[in-house]
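Results of the structural survey
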Amino acid sequence: MRKKLFDITLTIVFVLSIGACVKDNEFDSTPMGNFEACWQLIDHNYCSFNVKEREYGLDWDSIHNVYKSQIRESMTNRELFNVLADMLNELHDAHVNLISPFQTSYYKGFYLDYEPNFSSDFLSRSTRYWASPKCLQTGAMKYMILEPDYDIKDNVYIQDSIGYIYYGDFTSTVSDYQIYNIFDYFRDCIGIIIDVRGNSGGDDSFAHHLPSFFTDSTTTVGYMKHKTGPGHNDFSHAQKITVEPFRGTGAWLRPVIVLTNRECYSATNDFVNCMRYMPYTTIIGDTTGGGGGFPFTKELPNGWELRLSTAPSYDRDMNPIESGIAPDIYVTTGILDYIGIRQDYIIEYARRMMTYMHINSTLQ
Amino acid sequence: MNKLWKIFVGFALLSAGPAVATGVGEIPPTGTQTVTSIGAGVTNLLDQYLSDNSYKGLSLNFSREFTGAQKKHNGLYNYFFYSVSYALTMDHNKTSAMHHLMLHFDYANYFTCFDNKGLTILAGPGIFLDLGALDKPANSNNPFQLKTNLEVSASLQAGYKFKIKNYPMAVRYNMNLAVLGMMFAPDYGMLYYKWLLIDDKPYAGSFAWLGNSFAMINKLSVDFYTSKKVQLRLSYMASLNGYHKNHLESRINTQVISLGIILRRNYSTVSK
């Protein structure tokens, strides 16, 4: 009887142990296994193939053949990383990153291929702008009142005070109370210039919250989808995104100009998309860098993280915002503006525009 | 959806109906038995929402099991079990960590299927609830995965009393298998973070049955009789939890060896 009991116990433990086994990744942790896993993870999860095919004829299947021929079983980790990073950069998407213990890949073409239209070095050294003692800072926001002044380049006298905010990093959020205090400081200004040039993103929920200070009605600003399967066209239905008006005190219902350049990416791209639907708002500068797909993290068999876009965003007319948002008024500046005139042409253009808008609204 | 809840509640009420049962091992027919255990073991997991790699690591477990005869002395037994487990797991490259925290609850009513010569087999319907989460800090926008299922279960308990050199012992096997209910299963590329932004929040609840989800707890234990009131229990527990839904696979398997203290009380003692 004791022997029988022992046998039964052993059988139960054995059966339970088999059930407790967990199968590993279907690819081996070899250079070829990691290559195939990387290609397949993108193939099954990336959300903007259609946009890229339309824009520059991306063919992900042919990319597989091109880069597979570069994989050798004897290659080092750094060599493998470089091949995979080059393959991922074919997507032209800075939300697609390969993260290894020694390097992170990052696509920079969204701003390097264009005019910078912004120099933080110039602004931070210029006593006309950020180096002025009148330029204050709370949290990540620099702000100042641009006093009545003479515009050298266009020979115009700007007679009104205009608020100026520079917000360069959406990873550093600002509280409602801080925003209220800035707006209170600008209470005699005819409008605000919000400069987000060089801001490559961060907290997307704050990028959707900040515009709520600039509207008095609920506004639809866009839609989102997410992947529902591994097929290139497996998407959920479009889900609406709205901006609710700010419930507390301190909403700004006067003219706003948002300054953009090609470095406005990800959360900043979303912020600009929200702001263009707010009343009294004008976007001035260059097209934003894009980055409309929400990133998701996956993992290769060798443990390297693969970050990729899986949830595409659209504007309220269902156009993808993956490749950026065009400004209402395209204004560009070269490096000569900084050296010769000692003024940031895009800021000065926005000041003039704000004054004209104010005059027009007064005349009406 | 409403219909599903009605079926679920109806089944739960039926499971509380009268039945005849006798004690397992040394469970007093007119009292309660509570077992409090702590244990350690190994967790193996794969969650394709977070990673395609499997993770493995040390698991710690605290559990409490209650088996009680009804005060009406009708021989009916209620069974209640809960456990808290935490596991810190690593992938095979040892480059990335994943945390697993799980609260598990079981409630069951037992019918006697067999009771003869020291072997007792009880079975009955129950309720199976898992509330837990996986956390992979290295992931940027998808670091969490909720692991939740609430299901009607089939529960089985078998006990066998025997003696080794006049020393009384009991072996038990306990199994709870989730059969039908609801589980949390996010869509293939759905981000929790995204829920903050969109107006119509996506529904991630899903119908669970044995075809798409498998949740089961197996316990094999040996009771050592040290005194009339306090005994020790050495247990092996295997917890299997997984689903295949929305093109994603998830499996969490934990095996734990635990040591517990058995406290038995007779209702006549309790009432004093």
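Now for a look at the structure at hand. (Residues numbered from 1 in each chain as written. Chains lettered and ligands numbered in written order. Predicted model: local features only at pLDDT ≥ 70, side-chain atom pairs only at ≥ 80, totals over all residues. Heavy atoms only, no water.)

Moving on, we get to the packing of aromatic side chains. The geometry of an aromatic ring pair comes down to the distance between the two centres and the angle between the two planes. Under the counting rule described, the total for this entry stands at 31 aromatic pairs over all chains. Aromatic pair Phe80 of chain B and Tyr82 of chain B: ring centres 6.2 Å apart, planes at 55 degrees, arrangement tilted. Through pairs of rings, three or more aromatic residues link up here, namely Phe183, Phe213, Phe214, Phe246 and Trp252 of chain A. Of note, Arg262 of chain A hangs over the ring of Tyr114 of chain A, and the distance from its end group to the ring centre comes to 3.7 Å. (Phe/Tyr/Trp six-rings, centres within 6.5 Å; stacked < 30°, edge-to-face > 60°. Lys NZ or Arg CZ within 6 Å of the ring centre and 35° of its normal.)

Time to look at the pairing of strand E5 (residues 119-135) of chain B. All names here are of chain B. Relative to E5, strand E4 (residues 97-116) is paired through 15 bridges, and the arrangement is antiparallel. Looking at the pairing, Asn116 lines up with Leu119 of E5. Between E4 and E5, which pair antiparallel one after the other, the connecting turn spans 2 residues, and Lys117 there sits at a positive phi close to 50 degrees. Across 17 bridges, E5 lies against strand E6 (residues 144-164) in antiparallel orientation. (Pairing = 2+ DSSP bridges. Helix = DSSP H or I, 4+ residues; strand = E, 2+ residues; numbered from the N terminus.)

Further remarks concern the environment of Gln145 of chain B. Residues and elements named next belong to chain B. Tracing the backbone shows Gln145 in strand E6. Classification of Gln145 by relative accessible area gives buried; the value is 0%. The spacing of Gln145 and Asp47 is 98 residues in sequence and 8.5 Å in space, taken between C-alpha atoms. Once residues within four sequence positions are removed from consideration, Gln145 is found in contact with Asp47, Tyr49, Leu50, Gly132, Ala133, Leu134, Phe184, Pro186, Tyr192 and Tyr243. Among the polar contacts listed, one links the side chain of Gln145 to the side chain of Tyr243, at a separation of 3.3 Å. (Buried < 20%, exposed > 50% of the residue type's maximum accessible area, 1.4 Å probe, protein only. Contact = heavy atoms within 4.5 Å. Polar contact = N/O pair within 3.5 Å; in protein donor to acceptor, adjacent residues only side chain to side chain.)

Right, let's get into the nonpolar core. Residues and elements named next belong to chain A. Of all hydrophobic cores here, the largest spans 58 residues; its most connected members are Tyr167, Phe183, Phe186, Leu210, Phe214, Phe271 and Met275. Sorting elements by how many residues they give to this core places helix H10 (residues 267-275) first, with 5 residues. When neighbours within four sequence positions are excluded, Met275 is seen to be in contact with Ile194, Pro211, Phe214, Val256, Val258, Thr281 and Ile283. With 29 residues, the next largest nonpolar core counts Phe27, Ile63, Phe81 and Leu308 among its residues. (Core = buried A, V, L, I, M, F, W, Y, C linked by side-chain atoms within 4.5 Å.)

Within an α-helix, residues lying three or four positions from one another point in the same direction, as the helix has 3.6 residues per turn. Residue and element names in this part refer to chain A. Helix length check: helix H2 (residues 31-45) (15 residues) gives 21 Å between terminal C-alpha atoms against 21 Å at 1.5 Å per residue, within 8%. In terms of burial, H2 is largely enclosed, as 12 of its 15 residues are buried. When H2 is considered as a whole, its buried residues turn out to be Pro31, Gly33, Asn34, Phe35, Glu36, Ala37, Cys38, Trp39, Leu41, Ile42, Asp43 and Asn45. (Expected span 1.5 Å × (residues − 1).)

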